[in-house]
Amino acid sequence: MSQPSPRNALRWFDARGRQVGSWAFVLNRLTALALTFYLGLHLVVLNRLTQDAQAYNDFVAFAQLPLIKAGEILLIATVVLHGLNGLRLTFLAFGIGLRQQKILFVLLAIVTVLVTMLFAVRMIGE
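Let us look at the structure shown here.

Calculation rules
Residues numbered from 1 in each chain as written. Predicted model: local features only at pLDDT ≥ 70, side-chain atom pairs only at ≥ 80, totals over all residues. Heavy atoms only, no water. Helix = DSSP H or I, 4+ residues; strand = E, 2+ residues; numbered from the N terminus. Rg over C-alpha atoms; globule rule 2.2 N^0.38 Å. Buried < 20%, exposed > 50% of the residue type's maximum accessible area, 1.4 Å probe, protein only. Contact = heavy atoms within 4.5 Å. Areas by Shrake-Rupley, 256 points an atom, 1.4 Å probe, with all protein chains shown as cover. Lys, Arg positive; Asp, Glu negative; His and termini not counted. Charge placed at Lys NZ, Arg CZ, Asp CG, Glu CD. Axes fitted to C-alpha atoms, helices over the stretch in contact; angles between N-to-C directions. Parallel < 35°, antiparallel > 145°, perpendicular 65-115°, else oblique. Left-handed = near helix turned anticlockwise from the far one by under 90°. Expected span 1.5 Å × (residues − 1). Nonpolar A, V, L, I, M, F, W, Y, C, P; charged D, E, K, R; others polar.

### As for the overall build of the protein chain
Scanning the protein chain for helices and strands turns up 5 helices and 0 strands. Scanning the protein chain from its N terminus toward the C terminus, one meets helices and strands in the order α-α-α-α-α. The globule rule puts the C-alpha radius of gyration for 126 residues at 14 Å, and the 19 Å found for the protein chain is more than 25% above it. Here the C-alpha coordinates of the protein chain stretch approximately 55 × 40 × 25 Å along the principal axes. Per-residue burial over the protein chain gives 20% buried out of 126 residues. Considering only contacts in the protein chain between residues 6 or more positions apart, those separated by 24 or more positions represent 59%. When the accessible surface of the protein chain is split by element, carbon and sulfur atoms take 71% of a total near 9,500 Å². Where the 11 positive side-chain charges of the protein chain centre and where its 5 negative ones centre are 23 Å apart.

This is how it looks when you write it as structure tokens:
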């Protein structure tokens, strides 16, 4: 049995030499970490917005920056990918689609790209 160490912890994310299902599982872990980070950041921003009207106006101006807009698009992609991949993992846990893991993952990746593109087009069009 291997001893706990930071090196072993990094293997948690290492999907080299593994099947598509393993890559999807690692991707689900990474998107979960990203969404957890975003939630904390979101709560800090919401707290800041409650301070005064100027804080709110400053945030609205900040939110119009291209980098922030790109971050919003990335957030949508992360949410959609994490949600669809979570559904895929739930199906697999119940024995549904075990032989179609690769097809399911490709399908959820395509849906993620399409939904993200639709969101981006609508956001940029505003």
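Here the narrative resumes.
### A short note on the packing of helix H2 (residues 20–49) against helix H5 (residues 101–125)
The interhelical angle for the contact between H2 and H5, taken along N-to-C directions, is 40°, at an axis separation of 9 Å. Classed by the angle they form, the pair H2 and H5 counts as oblique. By crossing handedness, the relation of H2 to H5 is classed as left-handed. Residues Val 20, Gly 21, Ala 24 and Leu 27 of H2 form the contact with H5, whose own contacting residues are Gln 101, Lys 102 and Phe 105.

### What about H5?
For H5, with 25 residues, the first-to-last C-alpha span of 36 Å sits near the 36 Å given by 1.5 Å per residue. Those residues of H5 lying buried are Phe 105, Leu 108, Thr 112, Thr 116, Ala 120 and Met 123. Buried residues belonging to H5 abut H2 and helix H4 (66–93).

### Points about the packing of H2 against helix H3 (residues 53–63)
Interhelical geometry of H2 versus H3 gives an angle of 135° and a closest axis separation of 8 Å. In terms of orientation, H2 lies oblique with respect to H3. Taking contact as the criterion, the partners of Val 45, Arg 48 and Leu 49 in H2 are, on H3, Ala 55, Tyr 56 and Phe 59. Broken down by class, the residue content of the contact of H2 with H3 amounts to 5 nonpolar, no polar and 1 charged.

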